[in-house]
Amino acid sequence: MTLTHAYAAQSATTPLAPFTFERRTPTARDVAIDILHCGVCHSDLHTAKSEWGPAVFPCVPGHEIVGRVTAIGGDVSKFKVGDIVGVGCMVDSCQHCQPCADGLEQYCDNGMTGTYNSQEQVSRANTLGGYSDHIVVFEKFVLKVSHDEKDLAAVAPLLCAGITTYSPLRHWKVGPGHKVGIVGLGGLGHMGVKIAAALGAHVVLFTTSPGKSADALRLGAKEVVVSKNADEMKAHKNSFDFILNTVAASHDLDPFLALLKMDGTMTLVGAPSTPHPSPGVFGLITKRRSIAGSMIGGIPETQEMLDFCAKHNIVSDIEVIKMSQINEAYERMLRNDVKYRFVIDMSTVQQAHK
Ligand code: NAP
Ligand code: ZN
């Protein structure tokens, strides 16, 4: 057992605060990791505030983890002590259903084990995530990081924001010649812009924040549309092959559906706590349009995404924070004041305990 320093929410209405607990002793299949950096995802906030249903408390969020291997179990072959590794949104799954066999563990028929607020496969203990200085993870759910060491803080958000946008962009075969919309320039959205541009698409960013336009163009968008401006929206009617919607709040989907060309798809990855208003059927049937959803990505695809990003020099645009600044970071996230991902410097967690 290893004493672990963390930050936890003790209830849905109290701020995160210092918390210590013991990680399990690594088994033969486990990798023990000292966490260097952990990104701050809007899902952390949704969970800690019980917005997706009651969370299990104490709740230690964090699923964008980059760290250094400190020990390995006897059966571990992919990693050695000292390696730089990543851990994303999952730490285990049943390993015997069809989705697991297909490397789509996020869709495990028996329920994948999330990195936090989830149940371990055997012990059913509640999992505690990356706002902590140490974690023990089944080798199969540990990723190799090949980016330059100076970029490691900015690599952390790839473990959720990166894969959650990469996976649907690949599934819907986005590439050269495609006009692709990304809705929302937050943590996920800014990775969506970078990755869709790297895949060769013509990227249009939809935002409710006109002040983000220059950043969107710098990140790889060719055009920016302020989605509250009906005339700007209308100019793009029937023209998109694919739209990736990353918005964290309930909103009207119809104005975006009207922008899809025939057989176009809008995929929802944003997961607001209250449903979107039901879309009008005519927006779908008149051009055989589809609305779809997508959740993170499987382990093989997450490795593919990390390697793709390393090859294309893609990292996240980040603001590094101390562990003690997490509650302020959540408040800023709710005001859409994130450029474009907070990442916790985990060397500050022990100091926050003093
Ligand atoms: P984020 O950094 O807070 O970004 C969300 C963006 O949505 C904001 O920056 C803002 O962009 C836009 N937005 C916020 N409120 C809005 C509103 N009322 N109307 C229209 N646009 C609004 O959040 P994130 O970390 O990227 O996460 C986004 C969502 O994806 C969250 O719900 C999260 O839980 C979910 N998520 C899903 C998966 C999955 O597997 N499907 C994985 C990770 C996260 P603009 O200022 O540009 O308008
Ligand atoms: Zn996330």
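Fair warning: this is a prediction, and the values are worked out from it, not measured in the lab.

Student: Let's hear about the pairing of strand β17 (residues 341-345): which residues, and what values?
Tutor: By the criterion of burial, β17 is predominantly enclosed, with four of the five residues buried. Pairing of strand β3 (residues 30-40) with β17, which is carried by four bridges, proceeds in the antiparallel orientation. If you follow His37 over to β17, its bridge partner there is Asp345. Judged from the five bridges that link them, strand β16 (residues 318-322) and β17 form a sheet pairing that is parallel. The residue bridging Lys322 from the neighbouring strand is Asp345, located in β17. What joins β16 to β17 is helix α11 (residues 326-334), and the crossover it makes is right-handed.

Student: Explain the domain arrangement of the protein chain to me, and be specific about the residues and the numbers.
Tutor: Under the domain assignment used here, the protein chain contains domain 1 (2-160 + 316-352) and domain 2 (162-293). Using only C-alpha atoms to locate each centre, domain 1 and domain 2 end up separated by 28 Å. With both chains or domains summed, domain 1 and domain 2 bury close to 1,400 Å², and 49% of this area falls on carbon and sulfur atoms. For the domain 1 face of the interface with domain 2, the top three residues by lost area are Cys160, Asp317 and Tyr340, together amounting to 42%. The tally of links from domain 1 across to domain 2 stands at two salt bridges. Salt-bridge contacts for Asp317 lead to Lys194; the nearest nitrogen and oxygen are separated by 2.6 Å. Grouping the constituent residues of the side of domain 1 that touches domain 2 by class yields six nonpolar, four polar and four charged.

Student: Can you explain α11? Please cite residues and give values.
Tutor: Structural remark: α-helix, 3.6 residues per turn; residues separated by three or four positions point the same way. All of the buried residues along α11 are Ile326, Ala329, Tyr330, Arg332 and Met333. The buried residues of α11 occupy an angular sector of 165° when the element is viewed end-on, so they sit on one face. On its buried face, α11 is in contact with β1 (2-8), β3, α1 (42-48), β16 and β17. Phi turns positive, to about 55°, at Asn336, one or two residues after α11.

Student: How would you summarise the sheet that holds strand β14 (residues 260-268) if you had to cite specific residues and measurements?
Tutor: The six strands lie next to each other as β12-β11-β10-β13-β14-β15, forming an open sheet whose pairing is parallel. Every other strand in the sheet has two partners, leaving β12 (223-226) and β15 (290-293) as the edge strands with one partner each. With direction set aside, neighbouring strand axes in the sheet form an average angle of 20°. As paired strands, β14 and β15 are joined by four bridges and run parallel to one another.

Student: Residue-level account of the nonpolar core, with values.
Tutor: Counting residues in each nonpolar core, the largest one holds 89 residues, and the members touching the most others are Val40, Tyr131, Leu169, Met323 and Ile326. Two domains each put at least three residues into this core: domain 1 (2-160 + 316-352) and domain 2 (162-293). Phe206, Met233, Phe240 and Leu253 belong to the second largest nonpolar core, which has 14 residues in total.

Student: Give a detailed account of the packing of aromatic side chains, specifying residues and quantitative values.
Tutor: As enumerated under the stated definition, the model contains six aromatic pairs in all. With 5.6 Å between their ring centres and 20° between their planes, Phe19 and Phe21 make a pair best called stacked. Across the pair, exposure class does not vary: Phe19 and Phe21 are buried alike. Ring geometry for Phe206 versus Phe256: centroids 5.4 Å apart, planes at 90°, classification edge-to-face. Here Phe206, found in strand β11 (residues 202-207), pairs with Phe256, found in helix α8 (residues 254-257); they are 50 residues apart in sequence, far enough to count as distant. Residue classification places Phe206 among the buried residues on the basis of a relative accessible area of 0%. For Phe256, a relative accessible area of 4% puts it in the buried group. Note that Arg29 overlies the ring of Phe138, its terminal NZ or CZ placed 3.6 Å from the centroid. Residue placement shows Lys144 over the ring face of Phe79; its charged tip is 5.1 Å from the ring centre.

Student: Outline the coordination of the zinc ion (ligand 2), listing residues and values.
Tutor: By definition of the ideal shapes, a tetrahedral metal site with four donors has angles of 109.5 degrees and an octahedral site with six donors has angles of 90 or 180 degrees. Here the zinc ion (ligand 2) is held by Cys41 (SG), His63 (NE2) and Cys160 (SG), and the distances to it run 2.0 to 2.2 Å. Sequence spacing of the donor residues for the zinc ion (ligand 2), all on one chain, is C-x21-H-x96-C. One end of the pair, Cys41, is in the loop between β3 and α1; the other, His63, is in the loop between α1 and β4 (65-72), and 22 residues separate them in sequence. Residue Cys41 is classed as buried on the basis of its relative accessible area, which comes to 2%.

Student: Quick one: what's the story with helix α10 (residues 299-311), residue by residue and with numbers?
Tutor: Its 13 residues give α10 an end-to-end C-alpha distance of 18 Å, which sits within 8% of 18 Å, the value for a rise of 1.5 Å per residue. Every buried residue belonging to α10 is among Ile299, Glu301, Thr302, Gln303, Met305, Leu306, Phe308 and Cys309, and all of these are buried. In this structure, the buried side of α10 is in contact with β6 (90-92), β9 (143-144), α3 (152-155), α4 (161-171) and α5 (187-198). Where α10 ends, the next residue or the one after it, Asn313, has phi of about 55°, a positive value.

The rules behind the values
Residues numbered from 1 in each chain as written. Chains lettered and ligands numbered in written order. Predicted model: local features only at pLDDT ≥ 70, side-chain atom pairs only at ≥ 80, totals over all residues. Heavy atoms only, no water. Buried < 20%, exposed > 50% of the residue type's maximum accessible area, 1.4 Å probe, protein only. Helix = DSSP H or I, 4+ residues; strand = E, 2+ residues; numbered from the N terminus. Pairing = 2+ DSSP bridges. Right-handed = clockwise from strand over helix to strand, strands pointing away. Domains from an automatic or database assignment. Buried area = accessible area lost by both parts, 1.4 Å probe. Salt bridge = Lys/Arg side-chain N within 4 Å of Asp/Glu carboxyl O. Nonpolar A, V, L, I, M, F, W, Y, C, P; charged D, E, K, R; others polar. Arc of directions from axis to C-beta. Contact = heavy atoms within 4.5 Å. Axes fitted to C-alpha atoms, helices over the stretch in contact; angles between N-to-C directions. Core = buried A, V, L, I, M, F, W, Y, C linked by side-chain atoms within 4.5 Å. Phe/Tyr/Trp six-rings, centres within 6.5 Å; stacked < 30°, edge-to-face > 60°. Lys NZ or Arg CZ within 6 Å of the ring centre and 35° of its normal. Donors = N, O, S within 2.8 Å, 3.2 Å for Na, K, Ca; no water. Expected span 1.5 Å × (residues − 1).

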